[in-house]
Amino acid sequence: MFINIYKNSFKILIRDKSTVFWTVLFVILLAIMFKMTFSKLDEIDKFEAVPIAVNQELLKDEYFTNFLKSIEKEEYIELIDLEDKNIEELFNEKKIVAYLETEEKIIIGKGIKQINETIIKSLMDSYNQNKSMITNIFKENPTTNINELLNFETFTKDDSKKSISLTSTYFYTLIGMQALYAYIWGLRAMYMYEANLSTQGKRIAISPVSKKKSILASLLAAWSLGIITNLLCLGFISYILNIDIGNKLFEILLIILLGTLTGVSFGSFVAVSSKKSVEFKGGIGVGVTMLWSFFAGMMHSDIKILIERNIPILNKINPVALITDALYSLAINDTLIRFSVNIMYLLFVTFIFIIGTIFFVRGKKYASL
């Protein structure tokens, strides 16, 4: 009986064209718009190597040449070969922004961005300071091994965190929003089995079928549809739009399963909390979900940061923000500590919605149908 109710509920729900549109087609259209809008976002602040030329006499110094090659490898600078060209011509043609005449004397072209000038001067100041330090060490101890002085790898370790595309962060909020859009499936499912909400609910109420089993099977069907629609859109975002969502598939699947469960439980809570029409409650669901998405940074990534600084508790009870942050933590962290914290908060929010739904449904009786 439970399986039959589940199958029938699944078939009834999937025939609802408006729900399919909002949970699949709308999100796909939004994802395409995001791709078109944010495709060049990461290139706005992209750092470009500063083209410079160097006096040939300086390149005779082996250590200075190695220094230049190392920072060129890190893409701080781009060494332009002079090839007997006039320096002024190179400046006029904007092929170089600086010319190193000596280690201390740097000629900067006219109209050069201040940041480029600062980069060149900072790099040369760093070289000259290290050179001065090594010179002083040799004066005090001529037998010092210069190779040990120049081998900084022994003393340094890169503990910097991974960086991700700014575009990806907007898609994380979109994935979080769609997971909560599963509320529509939960809303529709509850309307089928509540006698005070729909005609179908009245028929089921007087039938010999267990109401608890019917509701549970219907909500399970709603959850299944939420998972399917989320995975479809996730596949579209990842494989069609080529957005990097990470490679931790098990954790991503876990957040999708829990996120859609949160959405379904939210929808069921909205459905049974009052006797308003399904259209009215659908509007409430859209409004609340969009508000959550806004606070999670969908419209502007700095919003979530501002909330974290000023009202951090809001991010802890916002399911879209929790899903977004969980996906973000998977991308930048090697450990699952931050991810696990988000999962626990999301479980708590889901539990509240489930308890609220049970409170309104439990022991409900009708004087007449």
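Note that the structure is a prediction, hence the values are computed from the model and not measured.

Calculation notes
Residues numbered from 1 in each chain as written. Predicted model: local features only at pLDDT ≥ 70, side-chain atom pairs only at ≥ 80, totals over all residues. Heavy atoms only, no water. Helix = DSSP H or I, 4+ residues; strand = E, 2+ residues; numbered from the N terminus. Buried < 20%, exposed > 50% of the residue type's maximum accessible area, 1.4 Å probe, protein only. Contact = heavy atoms within 4.5 Å. Areas by Shrake-Rupley, 256 points an atom, 1.4 Å probe, with all protein chains shown as cover. Phe/Tyr/Trp six-rings, centres within 6.5 Å; stacked < 30°, edge-to-face > 60°. Pairing = 2+ DSSP bridges. Axes fitted to C-alpha atoms, helices over the stretch in contact; angles between N-to-C directions. Right-handed = clockwise from strand over helix to strand, strands pointing away. Salt bridge = Lys/Arg side-chain N within 4 Å of Asp/Glu carboxyl O. Patch = residues over 30% accessible without salt bridge, like charges linked within 9 Å, V, L, I, M, F, W, Y side chains within 5 Å. pLDDT = per-residue confidence, 0-100. Polar contact = N/O pair within 3.5 Å; in protein donor to acceptor, adjacent residues only side chain to side chain.

A.B. asks: Give a description of the overall build of the protein chain that names residues and reports values.
C.D. replies: A count of helical and extended segments in the protein chain gives 17 helices and four strands. For the protein chain, with 369 residues in total, the buried portion stands at 42%. For the protein chain, the proportion of contacts with a sequence separation of at least 24, taken over those separated by at least 6, is 74%. Accessible surface computed for the protein chain: about 21600 Å², of which carbon and sulfur atoms make up 60%.

A.B. asks: Which residues make up the environment of Phe295, and what are the values?
C.D. replies: Turning to its location among the elements, Phe295 is positioned in helix H13 (residues 278-295). On the accessibility criterion, Phe295 (23% relative accessible area) is partly exposed. Separated by 23 residues in sequence, Phe295 and Asn318 have C-alpha atoms that sit 8.0 Å apart.

A.B. asks: If you had to explain the packing of aromatic side chains to someone new, which residues and values would you point to?
C.D. replies: Each aromatic ring pair is specified by the distance between its two centres and by the angle formed by the two planes. One pass over the full model with this rule turns up 15 aromatic pairs. An angle of 10° between the planes, with centres 6.2 Å apart, marks the rings of Phe26 and Tyr181 as stacked. Residue Phe26 is located in helix H2 (residues 17-38), and its partner Tyr181 is located in the loop between helix H8 (166-180) and helix H9 (183-193); the two are separated by 155 residues in the primary sequence. Residue Tyr181 is classed as buried on the basis of its relative accessible area, which comes to 1%. Judged by centre distance (5.3 Å) and plane angle (80°), the ring pair of Phe359 and Phe360 falls under edge-to-face.

A.B. asks: Which residues make up the sheet that holds strand S1 (residues 50-54), and what values go with them?
C.D. replies: The mixed open sheet is built from four strands, whose spatial order is S2-S1-S3-S4. Sheet topology places strand S2 (77-79) and strand S4 (106-108) at the edges, where each strand pairs with a single neighbour. Sheet twist, expressed as the mean angle between neighbouring strand axes with direction ignored, is 30°. In the sheet, S1 pairs with S2 via three bridges, with the strands oriented parallel. Bridge assignment links Pro51 to a residue of S2, and that residue is Glu78. Sheet contacts for helix H4 (residues 62-73): S1, S2 and strand S3 (98-100); angle to S2, the most-contacted strand, approximately 125°.

A.B. asks: Tell me what's going on with the pairing of S1, and back it up with residues and numbers.
C.D. replies: Most of S1 sits inside the fold, with five of its five residues counted as buried. The side-chain alternation of S1 yields two buried faces, one formed by Val50, Ile52 and Val54 and the other by Pro51 and Ala53. Crossover handedness for the path S1 to H4 to S2: right-handed. The pairing of S1 with S3 spans three bridges and is parallel. Each residue of the ladder has a partner; that of Val54, found in S3, is Leu100.

A.B. asks: Give me the lowdown on the pattern of salt bridges, citing residues and values where you can.
C.D. replies: Counted by the stated rule, this structure contains five salt bridges. The salt bridge involving Asp325 is made with Arg338; its shortest N-O contact spans 2.5 Å. Highlighted residues: Asp325 in helix H16 (residues 319-332) and Arg338 in helix H17 (residues 337-361), separated in sequence by 13 residues. Classification of Asp325 by relative accessible area gives buried; the value is 11%. Look at Arg338 and you get partly exposed, because its relative accessible area is 31%.

A.B. asks: Go over a nonpolar patch on the surface with me, naming the residues and quoting the values.
C.D. replies: A cluster of nonpolar residues, Phe21, Trp22, Leu25, Leu29, Ile32 and Met36, forms a patch on the protein surface that exposes about 570 Å² of accessible area. Looking at the secondary structure, you find Phe21 in helix H2.

A.B. asks: Run through unusual backbone geometry, naming residues and quoting values.
C.D. replies: One non-glycine residue with positive phi stands out, namely Asn242, at about 60°. Relative to the helices and strands, Asn242 resides in the loop between helix H11 (211-240) and helix H12 (249-272).

A.B. asks: Explain the confidence of the model for the protein chain to me, and be specific about the residues and the numbers.
C.D. replies: On average, residues of the protein chain score 81 in pLDDT, and 82% of them reach the 70 mark or higher. Below a pLDDT of 50 lies the segment residues 152-161, which in the model reaches three contacts outside its immediate sequence neighbourhood of four places, other chains included.

A.B. asks: Any chance you could break down the side chain of Thr289 for me, citing the residues and the numbers?
C.D. replies: Following the sequence through the fold, Thr289 ends up in helix H13. Of the polar contacts made by the side chain of Thr289, one reaches the backbone oxygen of Gly285; its length is 2.7 Å. Those residues in contact with Thr289, other than ones at most four positions away along the chain, are Met177, Leu180, Tyr181, Tyr183, Phe266 and Val320.

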